[in-house]
Amino acid sequence: MFGRYEYPCRFDEGDVMFCIEQDGALYRYRRSCGESGADMTLTLADADLYVHPIEPVHLPREVTRFLEIEFPSVTLAPESDTTIYLTFPLEVGIIMGYKNEHELLDVFSKATPKYSLYGTPESGVITRYWRSIISDRLPDTDNGVDGILRLRLTNAGKSWVDVGRVVLDATFMPIYFGPFVSMTAEMLVYSRDLAETHVLSEPIIGGMQEAIQVITSSRLRLISAEAKGFLMEHGVK
Amino acid sequence: MTVAVEFLNEVVFGNIRVADLIVFFVIISASIIVARIIGAHIKKSLTDRVKKDELEKLIRIVQVIIVLIGIFIGLPSFHVDFAELLLIGGAASIIIGFASQRLVTSIGSGVFLIVERPVTIGDTVKIGETSGTIEDIRILSTTIKTFEGIYVRIPNETVFNSEITNYVANVARRFEYRVGIRYSDDAEKAIRIIRELLEAHPFVLKNPSPSIYVDELGVNAVIIMVRIWAPSREWWSVRTEMLLKIKTALESEGMTIPFPQRTVWIKETPGSAPAPVLHPDVSDKHP
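What you see is a predicted model; the values in this text were computed from it and never measured. (Residues numbered from 1 in each chain as written. Chains lettered and ligands numbered in written order. Predicted model: local features only at pLDDT ≥ 70, side-chain atom pairs only at ≥ 80, totals over all residues. Heavy atoms only, no water.)

### Remarks on the sheet that holds strand E3 (residues 124-127) of chain B
What links the strands of a sheet is backbone hydrogen bonding, and the strands pair in either a parallel or an antiparallel sense.
Residues and elements named next belong to chain B.
Okay, step 1: Spatially, 5 strands are ordered E6-E5-E4-E3-E7 in an open sheet, and the strand pairing comes out antiparallel. Two strands lie at the open edges of the sheet, namely strand E6 (151-155) and strand E7 (164-166), each paired on one side alone. The sheet shows a mean angle of 40 degrees between the axes of neighbouring strands, taken without regard to direction.
Okay, step 2: Note: E3 against strand E4 (residues 130-137), 4 bridges, orientation antiparallel. Residue pairing across strands places lysine 126 opposite serine 131, the latter belonging to E4. (Pairing = 2+ DSSP bridges. Helix = DSSP H or I, 4+ residues; strand = E, 2+ residues; numbered from the N terminus. Axes fitted to C-alpha atoms, helices over the stretch in contact; angles between N-to-C directions.)

Encoded structure:
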C-alpha cells in the first residue's frame, strides 16, 4: 500500500480503496475504508502523490500530539536495560508533494481510535491511546492496522520498577515502512513516577523507507524536537 | 574660545541661553534613545503574548512616559520654577487622574490579564454573566463571542474583578447524564449497553474511565448515573452525541425511558358497588 504513486491510480485491497481519476483538467480523489470515506476534486499539476504511514494522532480529529501505549507490565531490575517489541496504531496519510512542500490530503485508518488522559486534568496531556501486546521478538502485525515499535527500556534508578506504559511525542516521530511498518524509541526510567522518552531515527531492519513526517514537515520544521523527547512525570505503570 | 563661550551665553529668549537649549536637547535626545532601547526590549519580550497593534500602543505609551521624564529632567535648564510647576502639575494630575481613572484601571487590568493569562484567545469561558469564546484580549477590553454568536466587549477592569470560569483551562473535563429506565428493565444489561457505547467512542477517555452505576431508585424510574471524562475542547460534541446514542441503544433493546406514573389500588368493601371501569376515550387519541 505504501509508496509513491503515479496518477491516475487505484488501490483496492480488502475494505480499503482509494483512487485518483482524471476528470478533464481536474482530478477526482475517492477513498473508502470501512464505514468512512472521502471524495474531493483536485488540481494536481505536477504534484507527487505519496501514501505513507503517518503519526497516529490525526483521527478522528487532531486533539493531541502524544501517543500513549499501554502494555502488560515489565519489571526492570535496577540499572538494567532490555528491548521489547510493542505494536502501535497505523494511520495512513495520502500526501501531496510539490517542490519539497508536503500537504496532507486525507487520513484513514483501520485501527479504532481511542483517547486517554496521561496525568491529571490540570497538568497532564490528552493522548492517543493504544493497548499493545508485548513481545521479545518481532510480533505479527496487520499492515493496515498496526505497526511494530521497538522500545529500548533502561532503568537508570536504583530500585526495581514496573513499566506498563510509554508516552511518545509525535512532534518527532520517524516511521519506517517496508515488509511492515516500524518505529524505534527509547525510554529512560528514573523512578516509578519519572521517565524520559525519545523516538529514534532507526528502522528496525535494513531496507526500510522513512515515511514523510506530516507534523514536523508542516509546522515545526525549525524546532529540534528530536532532542526534546517527552518527560513522563505521572508514572510509568 | 571666547567666541564660543560668548555664543553659549547668548540669550535666545527671556533668560534662556544657547547653553540651556543645548543641555535641554541633549537630555531629550538621551531620553529618546533610552525610550527606543526599552521599546525594543518590550517588543522582544512580549511579541508572542500581545497582538502587534496592541504591542505598538503599549510601547508608545512607555516611550512617551520616558520622554516626559526626560523633559522633566531637562526643564531646570530653562530656569523653570518647580514649586509653581509642581502646583500646576499636581492640580492637572488630580483632574486628569479623576477623568481617566477607569481608563487607567482598565489598562492596568489589561496588563495583568496579559501577564497572568487566566484566559487566552479561543478559550471557552464564563466571565461574570457572559459565556462564550474569547475572540480577542486587548489592552483596554476583552471581546467574547457568545454561544448565540453575539459580540460582547467587556472592559478589562470588569474582567479583572469578575469571577472567571475557564472551561478549557484543564485538558480534560467531566460531565454526566442521569438515565432513567423502568423498574421492569434489566439495569445490569442497561449498564453493559452504555459501557459498550462509551468504549467505542474515541473521545470518551480511557483514563479516567467512565463511571456507570445505579444512582437512585426514583419514584418513576431506576436512575443510572453516567459520568464521562472527555478532552475539554471536545466535551460538548461528545455530550450531545452520546445522549442520543444511549437513548437509541436502550430503546433498541426494548428499554424505554419511563413516563411519570402512579399505581392506584382501589379497595373494594363487601356490599359496595363495584368501581367503575374507565375506558380510554378514543377521541383523545392523536391522529
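### Details of the packing of aromatic side chains
Okay, step 1: Under the criterion given, the structure shown has 12 aromatic pairs over all chains.
Okay, step 2: Here the aromatic rings of tyrosine 7 of chain A and tyrosine 27 of chain A are separated by 5.2 Å at their centres, their planes lie at 80 degrees, and the arrangement is edge-to-face. Taken together, the positions of tyrosine 7 of chain A in the loop between strand E1 (3-5) and strand E2 (9-13) and tyrosine 27 of chain A in strand E4 (residues 26-33) put the pair 20 residues apart, joining distant regions of the chain.
Okay, step 3: Where tyrosine 115 of chain A meets phenylalanine 203 of chain B, the ring centres are 5.1 Å apart and the plane angle is 35 degrees; that geometry is what we call tilted. One end of the pair, tyrosine 115 of chain A, is in strand E11 (residues 115-118); the other, phenylalanine 203 of chain B, is in the loop between helix H7 (187-200) and strand E9 (211-217), on a second chain. (Phe/Tyr/Trp six-rings, centres within 6.5 Å; stacked < 30°, edge-to-face > 60°.)

### Observations regarding the layout of surface pockets
Okay, step 1: Empty space within the largest pocket amounts to approximately 540 Å³.
Okay, step 2: Along its surface, the largest pocket is lined by 25 residues, and Glu35, Ser36, Ala111, Thr112 and Pro113 of chain A are the ones closest to its centre.
Okay, step 3: At the level of secondary structure, the elements contributing two or more residues to the lining of the largest pocket comprise E4 and strand E10 (101-108) of chain A together with H7 and helix H8 (235-252) of chain B.
Okay, step 4: Looking at side-chain class alone, the lining of the largest pocket contains 11 nonpolar, 5 polar and 9 charged residues.
Okay, step 5: Reported here for the second largest pocket is a volume of approximately 240 Å³.
Okay, step 6: Taken together, 14 residues form the lining of the second largest pocket, with Val63, Thr64 and Ile126 of chain A together with Val171 and Arg233 of chain B sitting closest to its centre.
Okay, step 7: Among the residues forming the lining of the second largest pocket, the class breakdown is 7 nonpolar, 4 polar and 3 charged. (1 Å grid on protein atoms, 1.4 Å probe; cavity = no way out; pocket = protein on both sides within 12 Å on 5 of 7 lines; lining within 4 Å. Points joined across faces, edges and corners; volume = space filled by probe spheres on them. Nonpolar A, V, L, I, M, F, W, Y, C, P; charged D, E, K, R; others polar.)

### Remarks on helix H5 (residues 101-116) of chain B
Residues and elements named next belong to chain B.
Okay, step 1: Taking 1.5 Å of rise per residue, the 16 residues of H5 would be expected to cover 22 Å, and the 22 Å separating its terminal C-alpha atoms lies within 8% of that figure.
Okay, step 2: Among the residues making up H5, those that are buried are Ser106, Ser109, Gly110, Leu113 and Ile114. Seen along its axis, H5 keeps its buried residues to an arc of 135 degrees; they face one direction. Relative to its buried face, H5 has exposed residues pointing more than 90 degrees away, namely Val104, Phe112, Val115 and Glu116. (Expected span 1.5 Å × (residues − 1). Buried < 20%, exposed > 50% of the residue type's maximum accessible area, 1.4 Å probe, protein only. Arc of directions from axis to C-beta.)

### Details of the confidence of the model for chain B
Okay, step 1: For chain B, per-residue confidence averages 83 on the pLDDT scale, and residues scoring 70 or more make up 91% of the total.
Okay, step 2: In this model, residues 281-287 of chain B is a region of pLDDT below 50 whose contacts with residues beyond four sequence positions or in other chains number 0 contacts. (pLDDT = per-residue confidence, 0-100. Contact = heavy atoms within 4.5 Å.)

### Things to note about the pairing of E10 of chain A
Residues and elements named next belong to chain A.
Okay, step 1: In terms of strand pairing, strand E9 (residues 91-98) meets E10 through 7 bridges, oriented antiparallel. Along E10, the bridge assignment pairs tyrosine 98 with glutamate 101.
Okay, step 2: Counting the residues in the hairpin turn of E9 and E10 gives 2 residues, including lysine 99, whose phi is positive at 50 degrees.

### Concerning the interface of chain B and chain A
Okay, step 1: Facing 17 residues of chain B, the contacting portion of chain A comprises 16 residues.
Okay, step 2: Roughly 1,400 Å² is buried in total at the junction of chain B and chain A, and carbon and sulfur atoms are behind 62% of that figure.
Okay, step 3: Between chain B and chain A we count 1 salt bridge in total.
Okay, step 4: Arginine 61 of chain A serves as the salt-bridge partner of glutamate 234 of chain B, at 2.5 Å between the closest nitrogen and oxygen.
Okay, step 5: Mapped onto the side of chain B that touches chain A, the elements with two or more residues apiece are H7 and strand E10 (222-231) of chain B.
Okay, step 6: Residues that form the side of chain B that touches chain A fall into these classes: 10 nonpolar, 4 polar and 3 charged. (Buried area = accessible area lost by both parts, 1.4 Å probe. Salt bridge = Lys/Arg side-chain N within 4 Å of Asp/Glu carboxyl O.)

### Some remarks on the packing of H7 of chain B against H8 of chain B
All names here are of chain B.
Okay, step 1: Running from amino to carboxyl end, H7 crosses H8 at an angle of 135 degrees, the nearest separation of the two axes being 10 Å. What the angle tells us is that H7 and H8 run oblique. The two elements H7 and H8 meet at a crossing, and its hand is right-handed. Of H8, the residues touching H7 (which contributes Ala190, Ile193, Ile194, Leu197 and Leu198) are Met242, Lys245, Ile246, Ala249 and Leu250.
Okay, step 2: Split into classes, the residues belonging to the contact of H7 with H8 amount to 9 nonpolar, no polar and 1 charged. (Parallel < 35°, antiparallel > 145°, perpendicular 65-115°, else oblique. Left-handed = near helix turned anticlockwise from the far one by under 90°.)

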